[in-house]
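Read off the chains here:
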Amino acid sequence: MNTNLPIDVLGLGCVAVDDLVYVDSYPPADAKVPVSRTERQCGGLTATALVAATRLGARCAYAGVTGTDELSSFALNAMAAEGVVLKHTQRLPEARVVHSFIVVDSTQRTRTIFANLSGAIGAGPAWPDPEVIRSARVLFVDQFGLPGMIRAATIARDAGKPVVGDLENPDQPGFTKLLSLVDHLIVSESFALRITSQSDISRALHELQSDRRSVVVITAGTKGCWFSGEETDGCVRHQPAFAVDAVDTTGCGDVFHGAYAAGLALGIPLEHRILRASAAAALKATLPGGQAGIPNNATVETFLRDRSPNFSP
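Residues numbered from 1 in each chain as written. Predicted model: local features only at pLDDT ≥ 70, side-chain atom pairs only at ≥ 80, totals over all residues. Heavy atoms only, no water.

A. Broad picture of the overall build of the chain. When its secondary structure is counted, the chain shows 10 helices and 14 strands. Since a compact globule built from 313 residues should have a radius of gyration of about 20 Å, the 19 Å found for the chain is in line with a globular shape. Principal-axis analysis of the C-alpha atoms gives the chain an extent of 55 × 45 × 40 Å. The 313 residues of the chain split such that 54% are buried. Taking all contacts inside the chain whose residues are at least 6 apart in sequence as the whole, residues at least 24 apart take part in 66%. (Helix = DSSP H or I, 4+ residues; strand = E, 2+ residues; numbered from the N terminus. Rg over C-alpha atoms; globule rule 2.2 N^0.38 Å. Buried < 20%, exposed > 50% of the residue type's maximum accessible area, 1.4 Å probe, protein only. Contact = heavy atoms within 4.5 Å.)

Here's what the structure looks like:
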């Protein structure tokens, strides 16, 4: 692999190791239930988004901060195996990745996440070099290492590079500043309604739009997603969710973000990249695990040809 090729999507944030525990049904307190199976996977908002973007044809790199411990090595090895470039990653003895235990209810098809965030840094406060950030076609940010995220997003926006954001916690100090720097904002329905104090998705979407923001997307699970931006002349459009037999929804939102970032970096028009992101997230839900179920580009295109008669790659 030529690691000197241009970077399509650069991520700095959350990397995790997910230990998945599958049970027939989520137990009540003090219960003792059999486990049908367990497995360990790489996870995390940014790591999963980068793997999704890579499988969909984008060249991705991780430039955040991880540890030198076994869990960090496991996560980085998994990302490297997917083709994510790691030459800009910083590894520090005191750092860690997020370690999550995820209980998957096989009957209700839900998952409960217990996350240990101790030592997780994400974006370093002065890492990576500004030229690495400027070299990427798209910067992907979350809230892990928020001061470093604000620095990176500022550098990217000053260089005219788009910033795709996956934000979850409005109470974190510095959130408002990072939010203002994200020009491709993709958030969940509940989060959008909370931060805008609106009760309607369309109103929330319009409130999140601004002169410095190119696109806003609000995802709503089985209801699909609503989006607006420069390519829709500010009009709100709706993309219905694809009906699938969902097995495990772990990581579906992260896959949507990664697929969108890949489409943006590769120059795919807005409505088409929303369609691809929706398909990728739906296909991920049909398979267990956060990253193991992420589809590749050929699978997404076959799915869309079957489901969308007017689709053309």
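From this point, things continue past the structure.
B. Representation of the side chain of Thr 46 within the structure. Topologically, Thr 46 is positioned in helix H1 (residues 45-55). Setting aside residues up to four positions removed in sequence, Thr 46 forms contacts with Gly 11, Leu 12, Gly 13, Cys 14, Tyr 62, Phe 140 and Asp 142.

C. Quick look at empty space enclosed by the protein. Overall, the coordinates contain 1 cavity of 30 Å³ or more when judged by the stated rule. Along the walls of the largest cavity sit 13 residues, with Gly 13, Val 15, Val 65, Arg 96 and Gly 122 positioned nearest its centre. Class assignment of the residues belonging to the lining of the largest cavity gives a composition of 9 nonpolar, 3 polar and 1 charged. (1 Å grid on protein atoms, 1.4 Å probe; cavity = no way out; pocket = protein on both sides within 12 Å on 5 of 7 lines; lining within 4 Å. Points joined across faces, edges and corners; volume = space filled by probe spheres on them. Nonpolar A, V, L, I, M, F, W, Y, C, P; charged D, E, K, R; others polar.)

D. Molecular detail of the packing of aromatic side chains. Scanning the entire structure with this criterion turns up 2 aromatic pairs. Arranged with centres 6.0 Å apart and planes meeting at 80°, the rings of Phe 175 and Phe 191 form a pair that is edge-to-face. Of this pair, Phe 175 sits in helix H5 (residues 175-181) while Phe 191 is found in helix H6 (residues 189-196), placing the two residues 16 residues apart along the sequence. Accessibility expressed as a relative area gives 6% for Phe 191, which makes it buried. Positioned above the aromatic ring of Tyr 22 is the side chain of Arg 37, whose terminal nitrogen or guanidinium carbon lies 3.9 Å from the ring centre. (Phe/Tyr/Trp six-rings, centres within 6.5 Å; stacked < 30°, edge-to-face > 60°. Lys NZ or Arg CZ within 6 Å of the ring centre and 35° of its normal.)

E. Main features of the sheet that holds strand S12 (residues 215-219). Read across the sheet, 8 strands follow the order S4-S1-S9-S10-S11-S12-S13-S14 without closing on themselves; strand pairing throughout is mixed. Either end of the sheet is taken by a strand with one partner, and the two such strands are strand S4 (60-62) and strand S14 (237-239). Sheet twist, expressed as the mean angle between neighbouring strand axes with direction ignored, is 20°. Across the sheet, helix H7 (residues 201-208) touches strand S11 (184-188), S12 and strand S13 (225-229), and the angle it forms with S12 is around 150°. Helix-sheet contacts for helix H8 (residues 252-265) involve strand S1 (7-11), strand S9 (136-141), strand S10 (163-165), S11, S12 and S13, and the interaxial angle to S9 is about 160°. (Pairing = 2+ DSSP bridges. Axes fitted to C-alpha atoms, helices over the stretch in contact; angles between N-to-C directions.)

F. Seen up close, the pattern of salt bridges. For the structure on display, the rule yields 10 salt bridges. Of the charged contacts, one joins Lys 223 and Glu 189 as a salt bridge, the two residues approaching to 3.0 Å between their closest N and O atoms. With a gap of 34 residues between them, Lys 223 in the loop between S12 and S13 and Glu 189 in helix H6 connect regions that are remote in the sequence. With relative accessibility at 43%, the residue Lys 223 sits in the partly exposed group. (Salt bridge = Lys/Arg side-chain N within 4 Å of Asp/Glu carboxyl O.)

G. Spotlight on the sheet that holds strand S7 (residues 98-105). One open sheet holds the 4 strands; their spatial order is S3-S2-S7-S8, and the pairing between them is mixed. Taken across any chain shown, the strands that pair with only one partner, and hence form the sheet edges, are strand S3 (37-43) and strand S8 (110-116). Here the average twist between neighbouring strands, direction ignored, is 20°. Where strand S2 (residues 16-23) and S7 come together, 8 bridges link them in parallel fashion. In the strand pairing of S7, Tyr 22 is matched with Val 104. Contacting S2, S3 and S7, helix H2 (residues 70-81) crosses the sheet at an angle of about 75° to S3.

H. Focus on the nonpolar core. Counting 50 residues, the largest nonpolar core has Val 9, Met 79 and Tyr 260 as the members making the most contacts within it. Once residues within four sequence positions are removed from consideration, Tyr 260 is found in contact with Val 164, His 184, Ile 186, Val 215, Leu 270, Arg 273, Ile 274 and Ala 277. Grouped together as the second largest cluster of nonpolar side chains are 39 residues, Ile 155, Ala 156, Leu 193 and Leu 208 included. (Core = buried A, V, L, I, M, F, W, Y, C linked by side-chain atoms within 4.5 Å.)

I. The arrangement of a nonpolar patch on the surface in detail. A contiguous nonpolar surface patch, about 290 Å² in accessible area, is contributed by Tyr 26, Phe 101 and Phe 114. The residue Tyr 26 is located in the loop between S2 and S3 in this model. On the basis of relative accessible area, Tyr 26 is assigned to the partly exposed category, the value being 38%. (Patch = residues over 30% accessible without salt bridge, like charges linked within 9 Å, V, L, I, M, F, W, Y side chains within 5 Å. Areas by Shrake-Rupley, 256 points an atom, 1.4 Å probe, with all protein chains shown as cover.)

J. Looking closely at helix H9 (residues 270-285). If you check H9, its first and last C-alpha atoms are 23 Å apart, about what 16 residues at 1.5 Å a residue would give, namely 22 Å. Judged by how many residues are buried, H9 sits mostly within the fold: 15 of 16 residues are covered. (Expected span 1.5 Å × (residues − 1).)

K. Quick look at the packing of H8 against H9. Two elements in contact, H8 and H9, have axes separated by 8 Å at closest approach and are oriented at 150°. In this structure, H8 crosses over H9, and the sense of that crossing is right-handed. Counting all contacts with H8, which are made through Cys 252, Val 255, Phe 256, Ala 259, Tyr 260, Gly 263 and Leu 264, the residues of H9 involved are Leu 270, Arg 273, Ile 274, Arg 276, Ala 277, Ser 278, Ala 280, Ala 281, Lys 284 and Ala 285. The residue inventory of the contact of H8 with H9, partitioned by class, reads 12 nonpolar, 2 polar and 3 charged. (Left-handed = near helix turned anticlockwise from the far one by under 90°.)

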